[in-house]
Amino acid sequence: MKDKVGEEIIVDLNFDRQELDRILNPQNYKPENLIEIFRNGVKGMEPPIFERSGHVGFPTSADHSLKVLEQFEDYYEHLPLPGGVDVNLFRVILVLHDIGYPLGGRYDQHEYTVPMVQTILENLNYTEAEIKIALALISKDPLGFYFTQEPGFKYAEDAMDLIKEKSVEAGLSFKDFFEILVVFYTCDASSYRHLQRLFEMDPTNKTIK
């Protein structure tokens, strides 16, 4: 894989699944520690990918990922995830979901994000089924593209057609995939201060609409 200037992108990890699972252990878990293991552990590019800028309102990619993860912890962590998706897998997906953003921006990031995430999850010994769920969630953005009326997403049906395709890719029912996509999108979009006006957030009761 190469970036836009033709330089080879190599993704190396300096930690293994055992160390990751230790970070994710409920007795030790803190969102900032999960961010740090990836910030310090994903090698192969300089400056490191998580230390690059590119997100509106966030100094670095790591800062954006941390806020997305905190939204999940505040509003969804206490609920079972649709489709029986593992909560720790979902946390890792949230950390990695925009890893290609500094290379491709909003519209081209997925051509970088998808292969990078696949490589990372394979190296961490995630199953094929888990990787399919991750890639289906992070490849393209049917809800975001519809809400912002991007080309090809003028009608709700356009977004729904893509969601149907993604549910098949993920190996989930349409209902389960749509619901997990809503959780994913809500955590991501509500992390941006300029978009928080679109949500009703009640931290006390841990609800977001």
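What you see is a predicted model, and the numbers here were worked out from it, not measured in a lab. (Residues numbered from 1 in each chain as written. Predicted model: local features only at pLDDT ≥ 70, side-chain atom pairs only at ≥ 80, totals over all residues. Heavy atoms only, no water.)

1. Notes on the pattern of salt bridges
Opposite charge on two side chains permits pairing when their charged atoms draw close. Within this structure, the stated rule accounts for five salt bridges. The residue Arg-39 makes a salt bridge to Glu-36 at a minimum N-O spacing of 2.8 Å. With Arg-39 and Glu-36 both in helix 2 (residues 31-41) and three residues apart, this pair spans about one turn of that helix. Note that Arg-91 and Glu-73 form a salt bridge whose closest N and O atoms lie 2.8 Å from each other. (Salt bridge = Lys/Arg side-chain N within 4 Å of Asp/Glu carboxyl O. Helix = DSSP H or I, 4+ residues; strand = E, 2+ residues; numbered from the N terminus.)

2. So, the environment of Ile-163
As for its placement among the helices and strands, Ile-163 is situated in helix 9 (residues 156-170). Placed 118 residues apart in sequence, Ile-163 and Met-45 show a C-alpha to C-alpha distance of 33 Å.

3. Some words on the packing of helix 4 (residues 87-96) against helix 10 (residues 174-189)
Running from N to C, helix 4 and helix 10 point in directions that differ by 50°, and their axes come no closer than 11 Å. Looking at the two axes, helix 4 sits oblique to helix 10. Taken as a pair, helix 4 and helix 10 cross one another with a handedness that is right-handed. Taking contact as the criterion, the partners of Phe-90, Ile-93 and Leu-94 in helix 4 are, on helix 10, Ile-180, Val-183 and Phe-184. Along the lines of polarity and charge, the residues of the contact of helix 4 with helix 10 split into six nonpolar, no polar and no charged. (Axes fitted to C-alpha atoms, helices over the stretch in contact; angles between N-to-C directions. Parallel < 35°, antiparallel > 145°, perpendicular 65-115°, else oblique. Left-handed = near helix turned anticlockwise from the far one by under 90°. Contact = heavy atoms within 4.5 Å. Nonpolar A, V, L, I, M, F, W, Y, C, P; charged D, E, K, R; others polar.)

4. Section: the layout of surface pockets
As a volume, the largest pocket reaches approximately 520 Å³. If you trace the largest pocket, you find 24 residues lining it, with Arg-106, Asp-141, Asp-188, Tyr-192 and Leu-195 closest to the centre. Secondary-structure elements contributing two or more residues to the lining of the largest pocket are helix 5 (101-108), helix 7 (128-138), helix 8 (142-147) and helix 10. The element contributing the most residues to the lining of the largest pocket is helix 10, with five residues. Across the lining of the largest pocket, the residue classes break down as twelve nonpolar, seven polar and five charged. Estimates place the volume of the second largest pocket at around 160 Å³. Around the second largest pocket, the lining residues are Leu-143, Tyr-146, Phe-147, Ala-156, Ala-159, Met-160, Phe-178, Val-182, Tyr-185, Thr-186 and Phe-199. Mapped by element, the contributors of at least two residues to the lining of the second largest pocket are helix 8, helix 9 and helix 10. In terms of residues, the lining of the second largest pocket owes the most to one element, helix 10, which gives four residues. (1 Å grid on protein atoms, 1.4 Å probe; cavity = no way out; pocket = protein on both sides within 12 Å on 5 of 7 lines; lining within 4 Å. Points joined across faces, edges and corners; volume = space filled by probe spheres on them.)

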